[in-house]
Amino acid sequence: MTRTFLALLARDLRVLRSTFPVFVIRVVMQPLLLVFVFTYVFPKIGQAIGGSGSTTSFSTVLIAGVVALSIIFQGIQGVALNLVQEFGYTKEIEDRVLAPLPIWAVAAEKVVAAALQGLVAAAVVFPVAAFVPATPVHLSVDWPVLVTLAPLAALCAGALGLAIGTLIPPQQVALIFAIIVLPLTFLGAIYYPWQALHPIAWLQYLVLVNPLVYMSEGFRAALTAGVPHMALLWVYLAVVGFGALLWAIGLWGFRRRVLS
Amino acid sequence: MTPAEEVVRAEQLTKVFRTPGPRRAGRPPGAGRPDGPSSDGLVAVDHLDLQVRRGEIFGLLGPNGAGKSTTIGILTTRVLPTSGRALVAGVDVVRSPARVKRHIGVVSQTNTLDRSLSVSDNLYYHGRYFGLGRREAARRAEELLERFRLADRANAPVLSLSGGMAQRLMVARAVLHEPEVLFLDEPTAGLDPQSRLALWDLVRDLHARGQTVLLTTHYMEEADQLCERLAIIDHGRILAQDTPAALKRTLGDRSEIRLALAGDAQQAASLVKGVLASGDAEVVALDGTVRCFVRDAGSVLPTVVAEASRAGTVTNVTVEEPTLESVFIRLTGRDLRE
Ligand SMILES: Nc1ncnc2c1ncn2[C@@H]1O[C@H](COP(=O)(O)OP(=O)(O)OP(=O)(O)O)[C@@H](O)[C@H]1O
Ligand SMILES: [Mg+2]
């Protein structure tokens with residue numbers, strides 16, 4: 001079974017390799033643009049951002065959010081969009097469903113493949129952050145937190161991708177962006193620490209249903225010093241909890257799609 | 001027959017689809033069966049019993065919507081039966097699907113080739129899924145490409161293959177891991193006659209190497225040419241099961257008189273029935289034709305034509321040896337074509 005699982009993974013990596021330029025664009029574009037606009041263009045044109053904080057700390061605040069966002073995006077792009085297509089228009093996933101392992105393991109492989117892409121995407125943020133911003137980014141890495149949180153967040157994002165990919169009917173891919181990607185990203189505590197939402201209490205509590213909030217906060221804890229962040233206990237509990245919930249939903253959806 | 005020879009076994013296999021699926025002719029549950037399920041749904045497979053023996057080519061012959069794909073789906077672990085039991089290579093398909101998958105090769109009715117991979121990678125990775133090492137997977141992929149005459153397309157994208165080539169590649173992929181049973185769901189549907197013959201040859205070749213094959217078809221020639229034994233299936237039920245020759249013998253030494261008619265075929269059929277005194281003659285009206293299964297066709301032919309003419313103008317008359325299609329028509333009153 002392990003061999004089969006690894007072979008499925010090898011297949012996905014093979015496909016990634018053969019579409020390598022696409023993968024690079026997918027992984028690099030988003031952090032590059034975000035970092036470029038917010039931490040290069042805005043300071044240069046004197047656009048004030050980040051409320052009371054200085055522009056320097058805004059760059060620093062943003063990086064953690066961009067890492068979280070990159071991971072989430074790979075979950076959605078790497079699994080969800082693929083699955084929507086494979087279930088909707090082509091039946092090609094069938095060959096992998098007929099591979100000699102349980103259905104849950106076929107679904108798990110998709111999640112792991114997305115998680116690996118998420119980790120690559122997260123790693124790409126660092127060189128971007130080192131070279132692009134006009135104002136310096138002050139990172140202070142808490143390694144134990146980073147190396148435990150990053151894989152957990154990546155798996156959680158993969159599970160989110162699985163859930164979306166199996167639940168959204170192919171005719172409604174556009175919905176993914178309107179009802180999932182946009183709220184997820186704009187209300188994901190990417191551009192500001194969660195605490196900064198304090199003046200809008202209802203929103204501060206509403207965004208707690210967004211897993212991205214916990215990831216951004218967690219990466220803020222892992223990467224920066226002196227920026228407020230949520231207690232790590234909540235971060236880990238939420239990332240694992242959301243991951244488990246999304247995995248359960250995704251597996252249910254996957255079964256429903258491949259078994260009748 | 002000892003159990004050891006038996007590679008596929010289905011007992012009272014039943015599948016009721018709860019959700020209204022693609023609309024096609026199906027039976028409402030419980031129709032003609034007082035003990036049938038009472039909730040709403042569509043009975044796609046209805047108490048089906050089946051045994052496939054090692055090394056044989058077994059066919060499921062039936063019209064569209066008969067339940068062929070659903071039966072294959074259950075046997076290949078992708079459809080969960082509502083009731084009944086199925087064993088493949090001695091393993092229960094519901095209890096141990098992952099183990100069953102190790103023993104089966106499947107060619108589905110639709111193209112399920114991996115479009116992100118090249119022709120040879122479709123085979124190579126399939127081999128890897130089944131636990132073959134790199135070398136062995138590559139060796140078998142190469143050998144099969146050669147045998148299935150796809151070697152010159154090895155690095156092409158699968159979307160560039162013709163229908164016949166894609167189908168050959170699907171079969172090659174399905175046998176790469178040397179399964180105990182090969183399932184072919186309508187393997188030649190939609191193929192041109194030449195590709196169909198080529199695929200028949202491939203299947204015969206696999207059979208000669210000892211491969212057990214379970215195939216479905218709605219082409220009676222295919223069932224006749226290829227299968228050693230076959231089951232005629234309609235509305236999810238097996239109506240008859242035997243060798244093609246034996247099934248044709250159920251018509252006895254009767255042959256089929258086929259009258260094409262400009263007029264009321266139904267009325268013509270009942271008129272003809274009235275004059276054919278012999279007890280085992282059978283008459284069916286079908287799509288504006290009248291089919292009579294009679295002994296000694298030559299001597300009754302003038303009477304049949306004369307009688308039918310009273311209901312309309314007879315435009316064509318043929319007399320044929322019985323075919324599997326005649327068997328099907330006699331069993332169901334319908335023909336195999338959609
Ligand atoms: N997933 C599904 N949900 C609901 N109904 C279904 C589903 N799959 C098949 N059916 C119905 O079950 C019946 C049997 O279908 P099946 O595909 O097994 O027939 P078939 O013999 O393979 O036909 P064909 O020759 O057209 O392939 C049909 O009435 C079909 O509409
Ligand atoms: Mg079918």
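Our subject is the structure listed above.
Everything quoted here is computed from the prediction, not taken from an experiment.

> How do you make sense of the packing of helix H6 (residues 143–167) of chain A against helix H9 (residues 211–223) of chain A when you look at a structure like this?
Helix-helix packing is described using two parameters, namely the angle between the two axes and the distance between the axes. Residues and elements named next belong to chain A. Here H6 crosses H9 at 160°, and the two axes come no closer than 9 Å. The pairing of H6 with H9 is recorded here as roughly antiparallel in orientation. Two packed elements cross with a definite hand, and for H6 against H9 that hand is left-handed. Between H6 and H9, the contacting residues are Val145, Leu146, Leu149, Ala150, Ala153, Cys156 and Ala157 on the first element and Met215, Gly218, Phe219, Ala222 and Leu223 on the second. Among the residues forming the contact of H6 with H9, the class breakdown is eleven nonpolar, one polar and no charged.

> I would appreciate a short explanation of the coordination of the magnesium ion (ligand 2) in the present structure.
Angles between donor atoms at a metal ideally measure 109.5 degrees for a four-coordinate tetrahedral arrangement and either 90 or 180 degrees for a six-coordinate octahedral one. All names here are of chain B. Coordination of the magnesium ion (ligand 2) by the protein involves Ser69 (OG) and Gln109 (OE1), with metal-donor separations of 1.9 to 2.2 Å. In this pair, Ser69 sits in helix H1 (residues 68–75) while Gln109 sits in the loop between strand S6 (104–107) and helix H3 (119–129), placing the two residues 40 residues apart along the sequence. For Ser69, a relative accessible area of 30% gives the class partly exposed. According to the relative accessible area criterion, Gln109 is partly exposed, its value standing at 42%.

> So what exactly am I meant to see when it comes to the interface of chain A and chain B here?
Often, the extent of an interface is quoted as the loss of accessible area on bringing the components together. The interface of chain A with chain B comprises 24 residues on the first partner and 29 residues on the second. Of the roughly 2300 Å² buried between chain A and chain B on both sides combined, carbon and sulfur atoms contribute 54%. There are five salt bridges connecting chain A and chain B. Between Asp114 of chain B and Arg11 of chain A there is a salt bridge; the shortest N-O distance is 2.7 Å. Here chain A is connected to chain B by 13 residue pairs in polar contact (both at pLDDT 80 or more). Elements represented by at least two residues in the side of chain A that touches chain B include exactly helix H1 (2–18) and helix H4 (94–97) of chain A. Counting residues per element, the side of chain A that touches chain B draws most heavily on H1 of chain A, at eight residues. Across the side of chain A that touches chain B, the residue classes break down as 13 nonpolar, three polar and eight charged.

> Teacher, can you tell me more about a nonpolar patch on the surface here?
Residue and element names in this part refer to chain A. Taken together, the side chains of Ile25, Met29, Leu32 and Leu33 define a hydrophobic patch exposed on the protein surface, amounting to about 350 Å² of accessible area. You can see Leu33 is positioned in helix H2 (residues 20–45). Leu33 sits in the partly exposed class, given a relative accessible area of 46%.

> Which parts of the structure should I look at to understand the packing of aromatic side chains?
For any two aromatic rings, the description comes down to two numbers: the centre-to-centre distance and the angle of the planes. All names here are of chain B. Counted according to the given criterion, the structure contains six aromatic pairs over all chains. Considering the side-chain rings of Tyr124 and Tyr125, the 5.0 Å spacing of their centres and the 85° angle between planes classify their relative orientation as edge-to-face. For Tyr124, a relative accessible area of 17% corresponds to the buried category. What makes Tyr125 buried here is its relative accessible area of 7%. In this structure, Arg196 is placed above the aromatic ring of Tyr219, and the distance from its NZ or CZ to the ring centre is 4.0 Å.

> Could you clarify how one ought to interpret the side chain of Asp185 of chain B in this entry?
Residues and elements named next belong to chain B. Relative to the elements of secondary structure, Asp185 occurs in strand S7 (residues 181–185). A distance of 2.6 Å separates a polar atom in the side chain of Asp185 from a polar atom in the side chain of Ser69. A polar contact of 2.6 Å, which involves the side chain of Asp185, links it to the side chain of Thr216. Sequence-distant contacts of Asp185, that is, excluding residues within four places in its chain, are made with Ser69, Val107, Ser108, Gln109 and Thr216.

> Would you mind going over unusual backbone geometry with me for this structure?
Residues other than glycine predominantly adopt negative phi, and peptide bonds predominantly adopt the trans conformation. Residues and elements named next belong to chain B. One non-glycine residue with positive phi stands out, namely Glu178, at about 50°. Within the secondary structure, Glu178 sits in the loop between helix H5 (163–175) and S7. By relative accessible area, which is 59% here, Glu178 ends up exposed.

> Whenever I open this one, H1 of chain B confuses me. Can you help?
All names here are of chain B. Of all eight residues that make up H1, seven are buried, and the element is covered over most of its length. Within H1, the full set of buried residues consists of Lys68, Thr70, Thr71, Ile72, Gly73, Ile74 and Leu75. Trailing H1 by a residue or two, Thr77 shows a phi angle of about 70°, which is positive.

> What is the right way to read the environment of Leu8 of chain A from this model?
You can see Leu8 of chain A is positioned in helix H1. Exposure remark for Leu8 of chain A: the relative accessible area of 1% places this residue in the buried category. Sequence spacing of Leu8 of chain A and Ile164 of chain A is 156 residues, and the spatial spacing of their C-alpha atoms is 21 Å. Discounting chain neighbours no more than four positions away, the residues touching Leu8 of chain A are Arg96, Leu101 and Glu109 of chain A together with Tyr129 of chain B.

Thresholds, definitions, all that
- Once a new chain begins, its residue numbering starts again from 1 and follows that chain's sequence as written.
- Ligands are numbered from 1 and chains lettered from A, in the order in which they are written.
- Restriction of local features to residues with pLDDT of at least 70 applies here, the model being predicted, together with a cutoff of 80 or more for giving and counting side-chain atom pairs; totals for whole chains, interfaces and linings are based on all residues.
- With hydrogens and water stripped out, all remaining heavy atoms of the structure feed into the side-chain values.
- Here the axes come from fitting lines to C-alpha atoms, over the contacting stretch only for helices, and the angles between their N-to-C directions go from 0 to 180 degrees.
- Helix and strand definitions here come from DSSP, where helices need a minimum of 4 consecutive H or I residues and strands a minimum of 2 consecutive E residues; each element is numbered from the N-terminal end.
- The scheme is simple: roughly parallel for angles under 35 degrees, roughly antiparallel for over 145, roughly perpendicular for 65 to 115, oblique for anything else.
- Each crossing gets its handedness from the near helix: less than a right angle anticlockwise from the far helix is left-handed, clockwise is right-handed.
- Contacts: residue pairs with any heavy atoms within 4.5 Å of one another.
- For this scheme, ten residues count as nonpolar: Ala, Val, Leu, Ile, Met, Phe, Trp, Tyr, Cys and Pro. Four count as charged, namely Asp, Glu, Lys and Arg, and the remainder, Gly too, count as polar.
- Listed donors are limited to N, O and S atoms within 2.8 Å of the metal, widened to 3.2 Å for Na, K and Ca; water is not among them, so incomplete-looking sites are possible.
- Exposure categories follow from relative accessible area, calculated using a 1.4 Å probe and restricted to protein chains: below 20% of the type maximum is buried, above 50% is exposed, and the middle band is partly exposed.
- Summed over both partners, the accessible surface that disappears when two parts come together, traced with a 1.4 Å probe, is what is meant by buried area.
- Salt bridges are defined as contacts in which a side-chain nitrogen from Lys or Arg sits within 4 Å of a carboxyl oxygen from Asp or Glu.
- Here a polar contact is recorded for every N or O atom pair within 3.5 Å, except that within protein the pair must consist of a potential hydrogen donor and a potential acceptor, and residues adjacent in sequence are included only if both atoms are side-chain atoms.
- Only residues above 30% relative accessible area that lack a salt bridge enter a patch, with like-charged residues linked at up to 9 Å and the nonpolar side chains Val, Leu, Ile, Met, Phe, Trp and Tyr linked at up to 5 Å.
- To measure how exposed things are, a 1.4 Å probe is used in the Shrake-Rupley method; for residues, cover is taken only from the protein chains shown.
- In summary, the pairing rule links any two rings of Phe, Tyr or Trp, Trp by its six-membered ring, whose centres are within 6.5 Å, and it sorts them by plane angle into stacked for under 30 degrees, edge-to-face for over 60 and tilted for everything else.
- Over a ring means this: the NZ of a Lys or the CZ of an Arg is within 6 Å of the ring centre and within 35 degrees of the ring normal.

The values are spatial; any link to function lies outside them.
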